[in-house]
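# Observations on the model geometry
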Amino acid sequence: KAGVTQTPRYLIKTRGQQVTLSCSPISGHRSVSWYQQTPGQGLQFLFEYFSETQRNKGNFPGRFSGRQFSNSRSEMNVSTLELGDSALYLCASSYGASNTEAFFGQGTRLTVV
Amino acid sequence: AQSVSQHNHHVILSEAASLELGCNYSYGGTVNLFWYVQYPGQHLQLLLKYFSGDPLVKGIKGFEAEFIKSKFSFNLRKPSVQWSDTAEYFCAVNEPGSSYKLIFGSGTRLLVRP
């Protein structure tokens, strides 16, 4: 079956702009979580959605937001981009219970200039 | 708050050498543990996982890990590495609760020399 699909793969944005990233989970998975990966901070949890509800949020400013649709697809949005937002943004899907595994997409590489 | 420590940031080995990567976590309750691998230019892939039962778990590509509850550790091992094992390895813990949230260690970059 198809894996986790993230679009776009690469983005270049200017400071102050906003960006929307998309994630399509594996069919049947209802949990989608987002992570930011940077060389300095590693992999950090952004938020998790399950059945269109945000169940958990990491320690990121309010400029980072997300949502999940009824088909489990998810989007994350970053407003008023800063240079420090340049990162690889990873989406993971799972069945949602803690004792299940998460499958990751290829990520979206965001560069803010 | 839960944290995960990977003490080896860079490891260089020759082919056929044995590998052990350390992972320690801070939470004292029930945890679910994972090792993920990220090959150059590829997405994170699950190597192995521990939920319960036998503390020695076997994963893909000859990797195994041992969960030692008393030491809060989940070290990754492979008896004989190959050049193709060159990658970054991440230990992760699933924080117990009503949501799915992985907490990752800082990662270990492994370089295997042919």
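Above: the structure in question.
Overview of the structure. (Residues numbered from 1 in each chain as written. Chains lettered and ligands numbered in written order. Predicted model: local features only at pLDDT ≥ 70, side-chain atom pairs only at ≥ 80, totals over all residues. Heavy atoms only, no water.)

## A word on the state of the cysteines
Residue and element names in this part refer to chain A. By the definition in use, this model includes two disulfides over all chains. A sulfur-sulfur distance of 1.7 Å marks the disulfide that ties Cys23 to Cys91. Here the S-S torsion is close to -55°, and the disulfide linking Cys23 with Cys91 is therefore left-handed. Of the two residues, Cys23 is situated in strand β3 (residues 19-24) and Cys91 in strand β9 (residues 87-94); the sequence distance between them amounts to 68 residues. A residue is classified by how much of its surface remains accessible, and Cys23, at 0% relative accessible area, is buried. (Disulfide = S-S within 2.5 Å. Helix = DSSP H or I, 4+ residues; strand = E, 2+ residues; numbered from the N terminus. Buried < 20%, exposed > 50% of the residue type's maximum accessible area, 1.4 Å probe, protein only.)

## Notes on unusual backbone geometry
Residue and element names in this part refer to chain A. For the peptide bond that leads from Thr7 to Pro8, omega is -10°, which places it in the cis range. Within the secondary structure, Pro8 is located in the loop between β1 (5-7) and β2 (10-13). With phi around 50°, Ser51 is a residue other than glycine that occupies positive phi space. Along the polypeptide, Ser51 turns up in the loop between β5 (42-50) and β6 (53-57). A residue is classified by how much of its surface remains accessible, and Ser51, at 32% relative accessible area, is partly exposed.

## Observations regarding the nonpolar core
Counting residues in hydrophobic clusters, the biggest one holds 29 residues, and the most contacted among them are Trp35, Leu48, Phe74 and Tyr89 of chain B. Mapped by element, the contributors of at least two residues to this core are β2 (10-14), β3 (19-21), β5 (32-38), β6 (45-50), β8 (64-68), β9 (73-78), β10 (87-94) and β12 (108-113) of chain B. No other element matches the four residues that β10 of chain B contributes to this core. For Phe74 of chain B, the residues in contact, after removing those within four places along its chain, are Cys23, Leu33, Phe34, Trp35, Leu48, Tyr50, Val57, Ala65, Glu66 and Phe67 of chain B. One finds Cys23, Val32, Phe64 and Val78 of chain A within the second-largest nonpolar core, a separate group that totals 21 residues. (Core = buried A, V, L, I, M, F, W, Y, C linked by side-chain atoms within 4.5 Å. Contact = heavy atoms within 4.5 Å.)

## Quick word on the interface of chain A and chain B
When the parts of a complex come together, some accessible area is lost, and that lost area is often used as the size of the interface. The interface is formed by 22 residues belonging to chain A together with 20 residues belonging to chain B. Roughly 1,800 Å² is buried in total at the junction of chain A and chain B, and carbon and sulfur atoms are behind 54% of that figure. When the buried surface of chain A facing chain B is broken down by residue, Leu43, Ser98 and Phe104 of chain A rank first, second and third, together holding 31% of it. The interface formed by chain A and chain B holds one salt bridge in total. Among the salt bridges present, the one from Lys49 of chain B reaches Glu101 of chain A, with a minimum N-O distance of 2.9 Å. Where the side of chain A that touches chain B is concerned, the elements lending two or more residues are β4 (31-38), β5, β6 and β9 of chain A. (Buried area = accessible area lost by both parts, 1.4 Å probe. Salt bridge = Lys/Arg side-chain N within 4 Å of Asp/Glu carboxyl O.)

## Quick notes on the pairing of β8 of chain B
Residues and elements named next belong to chain B. Bridging between strand β7 (residues 56-58) and β8 involves three bridges; their strand directions are antiparallel. When the sheet's bridge partners are listed, Lys58 is paired in β8 with Glu64. Taken together, β7 and the strand that follows it, β8, pair antiparallel across an intervening segment of five residues, in which Lys61 is found at a positive phi of about 55°. In terms of strand pairing, β8 meets β9 through five bridges, oriented antiparallel. Bridge pairing links Glu64 to Arg77 in β9. If you look at the hairpin formed by β8 and β9, you'll find four residues sitting between the two strands, and Phe72 has a positive phi there, around 50°. (Pairing = 2+ DSSP bridges.)

## A few points about the pattern of salt bridges
Residues and elements named next belong to chain B. What the rule picks out here adds up to 11 salt bridges over all chains. In this structure, Lys58 engages Glu64 in a salt bridge whose closest nitrogen and oxygen atoms are separated by 2.9 Å. For Glu64, a relative accessible area of 19% puts it in the buried group. The salt bridge partner of Lys78 is Asp85, with a shortest N-O separation of 2.9 Å. Each member of the pair, Lys78 as well as Asp85, carries the same accessibility label: buried. Through salt bridges that share partners, Lys58, Glu64, Glu66 and Arg77 make up one connected network.

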